[in-house]
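A look at the structure
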Amino acid sequence: KNEVEQSPQNLTAQEGEFITINCSYSVGISALHWLQQHPGGGIVSLFMLSSGKKKHGRLIATINIQEKHSSLHITASHPRDSAVYICAVLTGANSKLTFGKGITLSVRP
Amino acid sequence: NAGVMQNPRHLVRRRGQEARLRCSPMKGHSHVYWYRQLPEEGLKFMVYLQKENIIDESGMPKERFSAEFPKEGPSILRIQQVVRGDSAAYFCASSSEADTQYFGPGTRLTVL
């Protein structure tokens, strides 16, 4: 079993829909990152959180430390949100990131 | 404040050659991380460095791979005698202390 599991694996949505991407982890962490990667592109760090909730524009990230679960929500989705969304957890004293496999999101116009 | 810079963005090598990948962290960042993304696979940690020190290299292959982060200049990931299986995207990230890691654009290595 992977230390970081993401669901669903692939996701297709219609423009304007509210989208939720989930991440579960099985290890103790100091923080969790949500990352975005466009095809063939670089990686953008969307959020780093260790508790509660963060919001940036149309993106909201939440984390429940007790349940070892985080969600990334996208409100009013747009085709430009189409990308791979990766959950990564920060573990250990050496700030090492362990990554989920990523969710491929396609938003149709 | 420029972001994390990596060069080259694309690198083609023949089997047996050496590949040198460079990473310049964000200004003020003294922590550098290297990650590898193999085709159709997720990102994997390779090595964590601070200035002049390797802190954690538990993700580095035992042979042919080395990394450094000298007092002056960029961090270098060096792959000797490359093989086709080394073809991947190599990402560098930097941070200040235990803070958000900012990723570079990656170097896409192709081994012919």
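The coordinates are above.
An account of the accompanying structure is given in this report. These numbers come from a predicted model, not from an experiment. (Residues numbered from 1 in each chain as written. Chains lettered and ligands numbered in written order. Predicted model: local features only at pLDDT ≥ 70, side-chain atom pairs only at ≥ 80, totals over all residues. Heavy atoms only, no water.)

**Considerations on the side chain of Gln6(A)**
Residue and element names in this part refer to chain A. Under the convention used in this document: Put simply, DSSP marks the helices as runs of H or I at least four residues long and the strands as runs of E at least two long, and each gets a number from the N terminus on. Three labels apply to residues, based on accessible area from a 1.4 Å probe with only protein chains included: buried if under 20% of the type maximum, exposed if over 50%, partly exposed otherwise in between. Polar contact criterion, stated in full: a pair of N or O atoms within 3.5 Å, where within protein one must be able to donate a hydrogen and the other to accept it, and residues adjacent in sequence count only if both atoms are side-chain atoms.
You can see Gln 6 is positioned in strand E1 (residues 4-7). With a relative accessible area of 13%, Gln 6 lands in the buried category. A distance of 3.0 Å separates a polar atom in the side chain of Gln 6 from the backbone nitrogen of Cys 87. Here the side chain of Gln 6 touches Gly 102 through a polar contact of 3.0 Å, landing on its backbone nitrogen.

**Details of the state of the cysteines**
Residue and element names in this part refer to chain B. Here is the rule we go by: Any two cysteine sulfur atoms lying within 2.5 Å of each other are counted as a disulfide.
Applying the stated criterion across every chain yields a total of two disulfides over all chains. One disulfide bridge connects Cys 23 with Cys 92, the sulfur atoms lying 1.7 Å from each other. Classification of the bridge connecting Cys 23 and Cys 92 rests on its S-S torsion, roughly -45 degrees, and on that basis the disulfide is left-handed. Of this pair, Cys 23 sits in strand E3 (residues 19-24) while Cys 92 sits in strand E9 (residues 88-95), and the two are 69 residues apart along the sequence.

**Observations regarding the interface of chain B and chain A**
As a reminder, the rule being used: We call two residues in contact whenever any of their non-hydrogen atoms come within 4.5 Å of each other. In short, buried area is how much 1.4 Å probe accessible area vanishes from two parts on joining, totalled over both. Every case where a carboxyl oxygen of Asp or Glu lies within 4 Å of a side-chain nitrogen of Lys or Arg is listed as a salt bridge.
Contact residues are listed per partner, giving 19 residues for chain B and 16 residues for chain A. Here chain B packs against chain A, burying approximately 1500 Å² in sum over the two surfaces, 59% of which is carbon and sulfur. The three residues of chain B that bury the most area against chain A are Leu43(B), Gln101(B) and Phe103(B), which together make up 32% of that side's buried surface. Viewed at the interface, chain A and chain B are joined by one salt bridge. For the salt bridge of Asp56(B) with Lys96(A), the shortest nitrogen-to-oxygen distance reads 3.9 Å. Linking chain B with chain A are two residue pairs in polar contact (both at pLDDT 80 or more), by the criterion used here. Mapped onto the side of chain B that touches chain A, the elements with two or more residues apiece are strand E4 (31-37), strand E5 (43-50) and strand E6 (53-56) of chain B. Looking at which element gives the most residues to the side of chain B that touches chain A, the answer is E5(B), with four residues.

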